[in-house]
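Residues per chain are reported as follows:
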Amino acid sequence: MACIALNRVFLILFIIAPLSAARILTAPLSAAPVLGAPLASPQGVNPYETDRTAIRVGRALFETRCAQCHGGDAKGISGPDLTVLWAVGTSDDRVFRTIQLGVSGSIMPSSSAPDQEIWAIVAYVKSISTVPEFENDTGDAVRGQEIFASTCANCHRVNGQGGHLGPDLTRIAAIRTREMLMRSIRDPSASVAAGYRAVTLVTEGGQRIRGAMKSEDAFSILIVDTDERLQGYLKADLQELTRGERSLMPEFGPDRLGDEELDDLLRYLGTLRGAAPARR
Amino acid sequence: MLSTRLAGIAVLLAFGTVGPPSLVAQVGDPGAGDALGVTYEDLLQGLTDPSRWLTFSGDYSGQRHSPLTQITPENVHRLVPQWTFQTGTLTRGRGFETTPLVLDGILYVTGSNNYAWALDARTGRRFWQYRRNLPNDLTYGASAPVNRGFGMLGDRLFMVTLDAHLLALDRRTGGVLWEIELADYHVGYAATLAPLVIDGKVIVGISGGEYPTRGFLDAYDPETGDRIWRFNTIPGPGEPGSETWPPDAENLARGGGGTWMTGSYDPDLDLLYWGTGNPNPDYYDETREGANLYTNSIVAIEASTGTLRWHYQFTPHDTHDWDSNHVPVLADLMFEGEMRSVVMVANRNGFFYVLDRITGEFLLGKPFTDTTWAREIGPDGRPIILNDGSLGCLPEPWGGTNFMPPSFNPALGVMFVTARESCATYVPQEPVIEPGRNSSGGIIWIDREQGYGALRAIDVVTGERKWEFRYPQPTMAGVMTTVTGLVFAGDHDGNFMAFDADTGENLWHYQTGSRIWGAAPMTHMLDGRQYVLIPSGTTLVAFALPDDRR
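About the criteria used
Residues numbered from 1 in each chain as written. Chains lettered and ligands numbered in written order. Predicted model: local features only at pLDDT ≥ 70, side-chain atom pairs only at ≥ 80, totals over all residues. Heavy atoms only, no water. Domains from an automatic or database assignment. Contact = heavy atoms within 4.5 Å. Buried area = accessible area lost by both parts, 1.4 Å probe. Salt bridge = Lys/Arg side-chain N within 4 Å of Asp/Glu carboxyl O. Axes fitted to C-alpha atoms, helices over the stretch in contact; angles between N-to-C directions. Helix = DSSP H or I, 4+ residues; strand = E, 2+ residues; numbered from the N terminus. Parallel < 35°, antiparallel > 145°, perpendicular 65-115°, else oblique. Left-handed = near helix turned anticlockwise from the far one by under 90°. Nonpolar A, V, L, I, M, F, W, Y, C, P; charged D, E, K, R; others polar. Polar contact = N/O pair within 3.5 Å; in protein donor to acceptor, adjacent residues only side chain to side chain. Pairing = 2+ DSSP bridges. pLDDT = per-residue confidence, 0-100. Core = buried A, V, L, I, M, F, W, Y, C linked by side-chain atoms within 4.5 Å. Buried < 20%, exposed > 50% of the residue type's maximum accessible area, 1.4 Å probe, protein only. Arc of directions from axis to C-beta.

Draft legend 1. How the structure looks around the domain arrangement of chain A. Residues and elements named next belong to chain A. Domain annotation for chain A reports domain 1 (2–127), domain 2 (141–187 + 251–279) and domain 3 (197–247). The straight-line distance from the C-alpha centre of domain 2 to that of domain 3 is 26 Å. Between domain 2 and domain 3, the contact holds five residues from the first and five residues from the second. Carbon and sulfur atoms make up 45% of the area that domain 2 and domain 3 hide from each other, which totals about 380 Å². The largest share of the area that domain 2 buries against domain 3 comes from His164, Leu165 and Glu251, three residues that together contribute 93% of it. Summed over the shared surface of domain 2 and domain 3, the result is one salt bridge. Between Arg246 and Glu251 there is a salt bridge; the shortest N-O distance is 2.4 Å.

Structural data, given as structure tokens:
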């Protein structure tokens, strides 16, 4: 199924093919007013952060220069996944310098490309890694925070407060669009992040345990149970093991969370763009 | 035609009728080998001396099938680590892919980043370490800083390097005796395989098919390092095979076709069997109309002259980087009522092939993965394409299997293969062609939602799957079998495992702490105990049954 979805992505890719790499390289970047603009912003800050033309140019450059190793979706093939860089607190400047200097001892070469081109690549990769602030939000963030505290905080943490079963949402608005969050609330099982897939197991003694699967190999399974306890089991010791495709998170349909409440909650979630937990 | 020397343990397979294994267990006399070291006669004996493992696959057949009997399906659950050797060198993006050699209780081991060691096989402690000073502008060698092992003759160890050289080291000191350049690494060349030593020759191949390179197979004089012959895997203009390319000399000169995995050898036929890699560019094919011989093929090369006897192309005009760099497995099989000398390959394209190794005649081609691209291999040996990508994703560039060695149990007539079910969509793009620049020419989208690995047992006469053991992740670890009916294999999650060869039942496993990647196990006797070794991450771990005498 995922393949079919991917194919659709390629069709789109081919349709916008006129923005081919060859053209971009033959038409000097300085000809484009946006990219030609001097780097007036402070050193280390991407002058093209939200510039749509630059991001388009960056995409074409990425596809010719980076995608062979990092994959068309920048999620990595032989080179690492680049879309998680910002989520773990990597700065634009650091990514810029890595492209410029390369990674010694690896295939990742240094680049003598003009700064503008490198910044355009940074802007593109960041654009598919993080998301702009929510637009046209109609809800009430204060009410949303109350809903969050009563409905979500049992499992989700924000700024160190809340449960541990679900993902930390401290900076969720920086990495998920409003639409993605809405889908995650209404239909959480449509796309489950690794480490949050539901699993149910029955121990030798007949105890039924439900939790989120953290890791699995051929012989063992590691979970966090619904009481937030880390537990490891040998598969051979289990009576039953059911790997759900579903999320551990319940569905919040309109019956449990009305449209207005959803708006409020999303308005609140949209404010969560805090520092990454790893970089406090 | 059955070569008793070739198989080491010569077992006739005749549909369930199994001949007695002709095992002559002669423990190597420590010290006796010191004067002369390893001779070609020793190499011909393969694994008959249980204290030895003298060449990459254990013997020339590529079967990686050990005659050792101490560890059995009944006692393998008692296997415990004896020692761990820490290499101290990381392999970015790849694995610790070596097979150690062992002679007179000393292990000779190559590592990533062109390190090498001589280790005491009892303790894992180090006699010497060698490290090549590598240039900081490696090309292909920077993306795969691996090495798969030594070749050995006399008191010499032969090792290839990431800057595309061949070295001879003194086995007593690790000192360099001579070194020669195989090709210019600046262009994209590198070398990673274990050299194959035959009578008076060191056979080596080359890596770098993702760059504008031209593959070759070379024979060198073990004494001097002088080149004896070179076989180019991409023909020159006007040469046989050039008709499968556009008439463009420049194109041919960078047509790819690497030879980066150790081949096999039939001493009776004096034929080397070697796999060749992808055409260059890998994915973009506008400039290379035709079948592109001899890429993605197996070539049978006369060892004395370096001339091509026959070839078989698994993936004509490949656009998916499905190199055919595998260990070809040689055996003698009863095939449709007739004893045939065959060569078997579980190919990266997801099909299992049996060919007559004297003539190259196609005998069998059956899929061993469910992720596929061809409906079948026709009677003419050519694939009948089912899915060119328009029906969804295809086996990904890492393939339905890869270079990790498979293993063949001749008594069972079963090949054990690490199969990979993982697929990708390919978007070709015209690459910039210049020396030292990757020219793969495309973008790959791997479907990350699905995908798993499996150890699969394939009946080599029918191509049918007898059993499988699934791994949660697509795996790049190799396999070894023993005559007691054991299969040893690794997986991507770090497990080193033993299985019942008949049933596929898992009998033992040990978590090594790092994915096992590109390496296959080896085994040998020492002090009356059978050791099994596996490289994993930055470690080499040796296992044996508990020593009840102590």
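Draft legend 2. Structural detail: the packing of helix H10 (residues 178–186) of chain A against helix H11 (residues 259–269) of chain A. All names here are of chain A. Look at H10 against H11: their axes get within 11 Å of each other, and the N-to-C directions meet at 130 degrees. Classified by the angle their axes make, H10 and H11 are oblique. Of the two possible hands of crossing, H10 and H11 adopt the one that is right-handed. On the side of H10, the interface is formed by Arg178, Leu181, Met182, Ile185 and Arg186, while H11 contributes Asp259, Leu262, Asp263, Leu265, Leu266 and Leu269. Tallied by class, the residues present in the contact of H10 with H11 amount to seven nonpolar, no polar and four charged.

Draft legend 3. Structural view of the interface of chain A and chain B. With 29 residues of chain A at the contact, the number on the chain B side is 35 residues. With both sides pooled, the region where chain A packs onto chain B buries about 2600 Å², and carbon together with sulfur makes up 63% of that total. On inspection of chain A and its partner chain B, the count reaches zero salt bridges. Applying the counting criterion to the chain A and chain B interface returns three residue pairs in polar contact (both at pLDDT 80 or more). Residue assignment for the side of chain A that touches chain B shows that the elements contributing at least two residues are helix H1 (2–15), helix H4 (52–65) and helix H5 (67–70) of chain A. At eight residues, the largest contribution of residues to the side of chain A that touches chain B is made by H1 of chain A. Residue composition of the side of chain A that touches chain B, grouped by class: 14 nonpolar, nine polar and six charged.

Draft legend 4. Seen up close, the pairing of strand E37 (residues 506–511) of chain B. All names here are of chain B. Relative to E37, strand E36 (residues 495–500) runs antiparallel, the two being bridged by five bridges. Within E37, the residue paired with Ala498 across the bridge is Trp508. Linking E36 to E37, which pair antiparallel, is a turn of five residues; within it Gly504 sits at a positive phi near 85 degrees.

Draft legend 5. Inspection of the confidence of the model for chain B at higher detail. All names here are of chain B. Across chain B, the average pLDDT comes to 92, with 93% of residues at or above 70. Across residues 1–34, confidence stays below pLDDT 50; counting only partners more than four residues off in sequence or on other chains, it has 73 contacts. Confidence metrics for the complex model read pTM 0.84 and ipTM 0.81.

Draft legend 6. Representation of the nonpolar core. Leu166, Leu182, Leu272 and Phe488 of chain B are the most contacted members of the largest nonpolar core, which has 94 residues in total. Discounting residues that sit within four places of it in the chain, Phe488 of chain B has contacts with Ile71, Val76, Leu79, Gly478, Val479, Met480, Thr482, Phe496, Met497, Ala498, Pro521 and Val532 of chain B.

Draft legend 7. Examining the sheet that holds strand E6 (residues 230–234) of chain A more closely. Residue and element names in this part refer to chain A. Judged by pairing direction, the sheet is antiparallel, and its five strands sit side by side in the order E6-E5-E4-E3-E7 without closing on themselves. Edge positions in the sheet fall to E6 and strand E7 (240–247), since each of these pairs with one other strand and no more. Shown here is a sheet whose adjacent strand axes are inclined to one another by a mean of 40 degrees, direction ignored. As paired strands, strand E5 (residues 220–225) and E6 are joined by five bridges and run antiparallel to one another. By the bridge assignment, Ile223 is partnered in E6 with Gln231.

Draft legend 8. Structural view of H10 of chain A. Residues and elements named next belong to chain A. Turning to H10, its buried residues are Arg178, Leu181, Ile185 and Arg186. Buried residues of H10 fall within an arc of 125 degrees about the axis and therefore sit on the same side. Packed against the buried residues of H10 are helix H9 (172–175) and H11.

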